[in-house]
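Chain by chain, the residues:
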Amino acid sequence: MKSWRGLTEGAARRLWLLAAGIWLLVVLAVAAHQWRFWHEARLDTDVLALLPQDELAPEVALATRKLADRATRQVIVMVGAPDWQLARKAAAAWRASLKASGAPLTGAVPLDEAGMGASLDALRPWRNQLLTAAQRERLRNTPVPAQVQAALSLLHQPGISARLSDWAADPLALWPQWWSARAAQSQARPRDGELALSAAGLEWVVLPHESTGPAFSLDGDAVLGEALRTAQDAATATGPGIRVLAAGIPLHAEAAAVQASREVNTIGWGSLAAVLLLVWLAFRSLRPIFLVALSLAVGTAVALSVTALVFQQVHLLTLVFGASLVGVAEDYGIHYFASRQSDPQARPRPLMWSLLPGLLLALSTSVFAYLVLGLAPFPGLRQMAVFSAVGLVATFLTAACWFPFLDRGVVPHSRFADAISASLARWPRWRFSTRTVTGGAALAALALGGWWQLRTSDDIRQLQNSPAALMQAQGEIGRLLATPSVAQFYLVRGASAEEVLLREEALKERLDAFVGQGRLQGYSAVSDWVPSEARQLADAQLTGAVEAQVLRGVGAALGESFVRPEFSARPLTLPIWLAQPVSSLGRNLWLGEVGGAFASVVLLRGLQDQRSVPALLAAADGLPGVRWVDKAAEVSSLLGRYRSSMTWLLVAGHALTLLALWLRHGRLAWRAWVPTLLATGLTLALLGWFGQPLQLFNVLALVLLLGIGVDYGIFLLEHRGDGSAWLAVVLGAGSTWLAFGLLGLSGTPALRAFGLTLLFGIALVWLLSPFFRAAAVDNEPQETT
C-alpha cells in the first residue's frame, strides 16, 4: 500500500523507527553525561568569563586575570569602634561567631614575621642600591654637614652604641626608611597582634580572610552571607558605635549564585508551569502535557551536555537564560497536537510529515537568530547561543522522531481551544482603506515620538548586579585601605625585563606629580622593589659617596674611624626578589614574558576622582611600551561597536529572512515578515517612551525576535485559514511571552533588558501576525505564488 511521498507504509515506518532509535541512543548517551556532569559540578561562575577579551593585546587579558586571581578567595572584614580596646573586643566576638558558624572562611596572614625577617636578610646585600625618590632627592640636595648631624643624632639614640657595626652599615637609616615606604602601600599597621587602622573617627581592626570552600552554590543558600551577618550582630552587641564592613569577590560571587538559583527556579519552573497549563487548557489530556514536557526535558539536557562538551564548563547565567528556552521550544509539540486536535482522523506519522516543511523553516529562523547571539564578543553569550540553538534542535527532533510513536488515541476538543481557533476568522485583516491608513499614521506618529526619545547606553555597569549594600561596603573598604583598583592600571611592555623596569621608572616620575597634587595616594610597581640596573648603579654610587662623607664627618667629630662595609657588586634581579616571601606583596604585578615581550602592571592607589582619568591617560603619551588600561571604558567601547555592528546584522537578517520566505511563499512572503518588522520598530519606540536606553542586549533581543516572530507568520501562511495553526501560534506566543516576561524580572540588568525587549516585541508580533495573514484559499481570491 502506498503511503505519503511515494513511500510504502512499511518503508516509511521503518525509516521513522530508525530515526527514533538513533535519537534514543543519543538521548541515553546524554543521560549518562548528565549524571557525570552534575557529580563533577562543572559550573563556571567566574564573572570575568562573561566579559570580552581584549581584542588587540592578550597581555591586557592576562593582566586582568592575574590581578583578579589574587583576590578570588579574599574577603576583607573591618571592625571599627570609637576606641581601640572596644574595637579589639568586637573583633574577638566577630571571630568567635564566625568560628562557631563553621563558614568556609579562614584567617589569612599575608606575611608573617619569619617571612619578613628572611626577606630582610636576603635583600640586605643590596641595601645601598635601594632608594625611594624622596631619599634620592635628600641625598643629592642636603648639605653634608646636615647629613652628618642627622647621623650623629641616630648614633646617640639608646642602644645604637652597642651596635656600631650596624650603624656604620647604614648611618642615615636609609634601609628602615625604604621598608617603611614599602609598608606604606597598605594603610593598615600591626598593633597588639592585629592589623590596625585609624580613620573616619574610628579605630579599625582589619581581618583578612580567605574562602576555603566552593564560592558558588546552586542550592540557594547564602552560607557566607548568613555567617557574616551573624558575626556582625555578635560584634555590634559588644558596645555602642560598632561598625562592621565586609567585602570580597567570594561575597559578590555568592550573591550572584543565590540570585541565579532563585531566577533559575522562577524563570524555569514558571515557564514550564505556564506551558503545561496552556497545554492542559487547550487539549484537556495528560498525554500532550507529558510529551511536551518530555521534549522540553530532552532539549534542555542535550543543550546542557553539548554546551559542556564545547566549552568544557557551563556558566551559571547560561542556565538562567536557558530557562527561558522553555517558552520557545514547546512550539513544535504544540503545533503537532493542535493539528491532531483539528483532524482527529489523521494518522500521526503522515500528519507529522506534512507539518515538517513549516516546522523546519521555523526552526531554521529561530536557530539562526540564536546563533547570531554568538557573534557578540561575550563568551557567556556564546554559551547561551549554543545552549539555546542546540536545545531547540533537540526539542524538535524529540517531537519529530518520537511523537508519532508515543501519541496514541485522539486529542479531545476543549472550549478553550475551540474559542481560540474560531477567533482567527473574526480577527481583522489588512486591507487598504481609510481606516487602516489612519491607524497606520497614528502608529507612525507614536513610533516617531518614541524613536526621538530613544538614547543609547553602552555602560559596562549595566552588567553589575551585586547588592547595593555590598557595593557600598566594597567602596568604603577600598577608600579606607587605599587598595589599588584592578580595573584601571598601566601596562608596561619591553623587549627585556630591564627595559620594562626602565619604562616603569619613567612613568613613575610622571605619576609623582599626581601624588604631589593629591590626585593619587600612590602607586604600586615592580620597580618599587627591584629598580632597573641603571638606577641601582646610580643609587649605589650616590649612597657610597654620601655615606663615605658622612662617616668621615662623624669620625672627625668623635675622634674615631668608621668603616663602611662592602655591599653586593651585582644588581638585585627579579628572580632573586621573586624567590623571597615578601614578593607576595607585589608578585601579581609582574606578568613575565607574554607574546615575545616582557610585561608588568603599575597599579594606582587612591584614585577617587574619575575626572583625573584623561590626565592619567595623557601621562602615558610619549612613553614607549606604556599603555593606560581602563577595562570598564574599553568594554563599554566594545559594547558600543558591537551594538552598531549587530544593528546592521539585524537589518541584513531581515533581508535574508524575507528572501528565504520568498523562495517558499513567493509574493505572499511579506505577510509573514512585515509583522516582525513592525514589531521591531514599535518595540524600539516603546523603549524610548519608557526611558529605557538602547544597548547591545536590546539589539540582540531584536535579533531573536526576528527568529521567533517570523515563525508565527510562517505557521499562518503554511496553513491559511486553519484555526489549529492559529491555536498553535497563540499557545506558543503566550508561553514565549510568559518565559521572556519572567526573564524581564531578572536581577541581572543585561538579562532584564533582553527580557523587556522581547516582552514588548512578542506581544506586538502576536497581535500583528493575524492582521497580515493571507486569505483562506477557499474563501476569496489570493495572490499567485
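This is a predicted model, so every value here is computed, not measured.

K.L.:
Could you give me a rundown of the overall build of the protein, with the residues and numbers involved?
P.N.:
Across its full length, the protein holds 28 helices and 13 strands. Residues classed as buried in the protein amount to 54% of the 785 residues present. For the protein, long-range pairs separated by at least 24 residues make up 83% of all intrachain contacts whose partners lie at least 6 apart in sequence. Looking at the protein as shown, the accessible area adds up to about 34,200 Å², and 62% of this sits on carbon and sulfur atoms.

K.L.:
Any chance you could break down the pattern of salt bridges for me, citing the residues and the numbers?
P.N.:
For side chains bearing opposite charge, pairing can occur when the charged atoms are close. Taken as a whole and judged by the stated rule, the model has 16 salt bridges. The partner of Glu-194 in a salt bridge is Arg-95, with the nearest N and O atoms 2.7 Å apart. Of this pair, Glu-194 sits in strand S5 (residues 194-199) while Arg-95 sits in helix H3 (residues 84-101), and the two are 99 residues apart along the sequence. Residue classification places Arg-95 among the partly exposed positions, given a relative accessible area of 35%. Among the ionic pairs, Asp-458 bridges to Arg-643, the shortest N-O distance being 2.9 Å. A residue pair is termed long-range when its members are at least 10 positions apart, and Asp-458 in the loop between helix H18 (434-453) and helix H19 (468-481) and Arg-643 in helix H24 (residues 631-665) qualify at 185 residues. Judged by its relative accessible area of 15%, Arg-643 is buried. Taken together, the shared-partner salt bridges connect Arg-127, Asp-170, Glu-547 and Arg-564 into one network.

K.L.:
Hey, could you go over the nonpolar core for me, with residue numbers and the actual values?
P.N.:
Side chains of nonpolar character tend, in soluble globular proteins, to be buried together. Counting 108 residues, the largest nonpolar core has Phe-283, Phe-740 and Phe-754 as the members making the most contacts within it. With 16 residues, the single largest contributor to this core is helix H16 (residues 379-406). One finds Trp-178, Phe-514, Val-601 and Leu-604 within the second-largest nonpolar core, a separate group that totals 46 residues.

K.L.:
Explain the packing of aromatic side chains residue by residue, including any values.
P.N.:
Enumeration over the complete set of coordinates arrives at 22 aromatic pairs. Ring geometry for Trp-430 against Phe-771: centres 6.3 Å apart, planes inclined by 75°, an arrangement best described as edge-to-face. Here Phe-771 lies in the segment after helix H28 (749-768) and Trp-430 lies in the loop between helix H17 (415-426) and H18, a separation of 341 residues in the sequence. Measuring from ring centre to ring centre gives 6.1 Å for Trp-670 and Phe-772, while their planes differ by 80°; the resulting arrangement is edge-to-face. Here the residue Trp-670 occupies a position in helix H25 (residues 669-689), and Phe-772 occupies one in the segment after H28, the gap between them amounting to 102 residues. Through a chain of ring-to-ring contacts, the aromatic side chains of Trp-175, Trp-178, Trp-179, Trp-529 and Trp-577 assemble into a single cluster. We note Arg-182 situated over the ring of Trp-178; from NZ or CZ to the ring centre the distance is 5.1 Å.

The rules behind the values
- Residues numbered from 1 in each chain as written.
- Predicted model: local features only at pLDDT ≥ 70, side-chain atom pairs only at ≥ 80, totals over all residues.
- Heavy atoms only, no water.
- Helix = DSSP H or I, 4+ residues; strand = E, 2+ residues; numbered from the N terminus.
- Buried < 20%, exposed > 50% of the residue type's maximum accessible area, 1.4 Å probe, protein only.
- Contact = heavy atoms within 4.5 Å.
- Areas by Shrake-Rupley, 256 points an atom, 1.4 Å probe, with all protein chains shown as cover.
- Salt bridge = Lys/Arg side-chain N within 4 Å of Asp/Glu carboxyl O.
- Core = buried A, V, L, I, M, F, W, Y, C linked by side-chain atoms within 4.5 Å.
- Phe/Tyr/Trp six-rings, centres within 6.5 Å; stacked < 30°, edge-to-face > 60°.
- Lys NZ or Arg CZ within 6 Å of the ring centre and 35° of its normal.

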